[in-house]
Amino acid sequence: MATKKNPITDPTGEKAAARDKAARQKIKERFEKPLETVQNVVENFTSTVQNAATTAQSVASGVRAVTNNAKAVRRAFDGGSELVTSPSDDSFAKAQQLAQGFGIQDISPKELMGSDPYAADANVPEMTANEANQHKLKIQRQNNALDVRLEKIKQGRKVVQLATENRRLIGDVVQLHTAGIETASHVISNQIADTNYRIKQSKLEQTEELLTQQVITTQGTVNLTDGIREEWDLKFERQQARNQGLRLEVEGAIRDTEIKRQELEAKLLES
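Definitions and cut-offs
Residues numbered from 1 in each chain as written. Predicted model: local features only at pLDDT ≥ 70, side-chain atom pairs only at ≥ 80, totals over all residues. Heavy atoms only, no water. Patch = residues over 30% accessible without salt bridge, like charges linked within 9 Å, V, L, I, M, F, W, Y side chains within 5 Å. Areas by Shrake-Rupley, 256 points an atom, 1.4 Å probe, with all protein chains shown as cover. Salt bridge = Lys/Arg side-chain N within 4 Å of Asp/Glu carboxyl O. Helix = DSSP H or I, 4+ residues; strand = E, 2+ residues; numbered from the N terminus. Phe/Tyr/Trp six-rings, centres within 6.5 Å; stacked < 30°, edge-to-face > 60°. Lys NZ or Arg CZ within 6 Å of the ring centre and 35° of its normal. Buried < 20%, exposed > 50% of the residue type's maximum accessible area, 1.4 Å probe, protein only. Expected span 1.5 Å × (residues − 1). Bend = angle between axes of the 7 residues up to and from the residue.

Undergrad: Looking at this structure, how should I read a nonpolar patch on the surface?
TA: A grouping of I107, L112 and V124 is seen on the molecular surface, where their side chains present a nonpolar patch of about 280 Å² in accessible area. Turning to its location among the elements, V124 is positioned in the loop between helix 4 (109–113) and helix 5 (129–270).

Undergrad: What am I meant to see in the packing of aromatic side chains here?
TA: How two aromatic rings sit relative to each other is given by the distance of their centres and the angle of their planes. One pass over the structure, following the stated rule, counts zero aromatic pairs. The ring centre of W232 lies 4.3 Å from the NZ or CZ of K235, which sits over that ring.

Undergrad: What should I look at first to understand the pattern of salt bridges in this one?
TA: Where charged atoms of side chains with opposite charge meet at close range, the side chains can pair. Considering all chains together, one arrives at seven salt bridges under this definition. The partner of E151 in a salt bridge is K154, with the nearest N and O atoms 3.8 Å apart. In this pair, E151 and K154 both sit in helix 5, three residues apart, roughly one turn of the helix. Here D194 ties to R198 by a salt bridge, and the two come within 3.3 Å at their closest N and O atoms. Taken together, the residues D194 and R198, both in helix 5 and four residues apart, mark about one turn of the helix. Overall, the relative accessible area of 45% leaves R198 in the partly exposed class. Through salt bridges with shared partners, a single network forms among E258, R261 and E265.

Undergrad: Sorry, what's going on with helix 5 here?
TA: Since the α-helix turns once every 3.6 residues, residues separated by three or four places project in the same direction. In this model, helix 5 (142 residues) spans 205 Å end to end at C-alpha, consistent with the 212 Å of a helix rising 1.5 Å per residue. In the structure, helix 5 departs most strongly from a straight axis at T225, where the bend amounts to approximately 30 degrees.

Structure below.
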């Protein structure tokens, strides 16, 4: 039983035509957008290359301006550090300033040792053994708290290290999955190659069949050659026989004419 071209809900086919038009428009947009994306990438790449070339020229200009003189090097780059040419004492002074920001002062050994080797003239504060023990105990307790905090920091670092390694493991899993996708792509490429091979095999088989058909046709033509040659030989012999008959008829007609002429001349001589 034949099916209707358009269903009952679309008797005129307008809905089907509209769907087909929308599908064609989507396909057109899909192929146009990648082209725009590629053009944007090419433009961005070209702009990046130009900026890199400009930067390289600027660096080359700066390098050409550098000489062997240290002061000339400082002048070649804006905002250079003074430590390039300052002595070590100035650098140590800056280190002291940084330490003072944390409440750390430089210790003078001369003040702590004193000047008289046989007298307690050192500038060191005094305290009793009980006071010293109290301070030591307090410092020990503080050290205990600091140790706990240090261990807590170490534990936190281990947690962060664990989380970091776990994220790296996640990345390894992603790479593993990516490798699976790439391998699957290779399988598809292999299947495409196998399909193309079978297509060529089919074309080869078709070509061989065409060759067989051509050989049969050629053999048939060869077989007909002798028959056609014999046919034309017979036609030639028939034509020769016809020509020979015509020659005999002509010769007979000439002979009859000659006989009639002789009879006529004999009658004329008798009279």
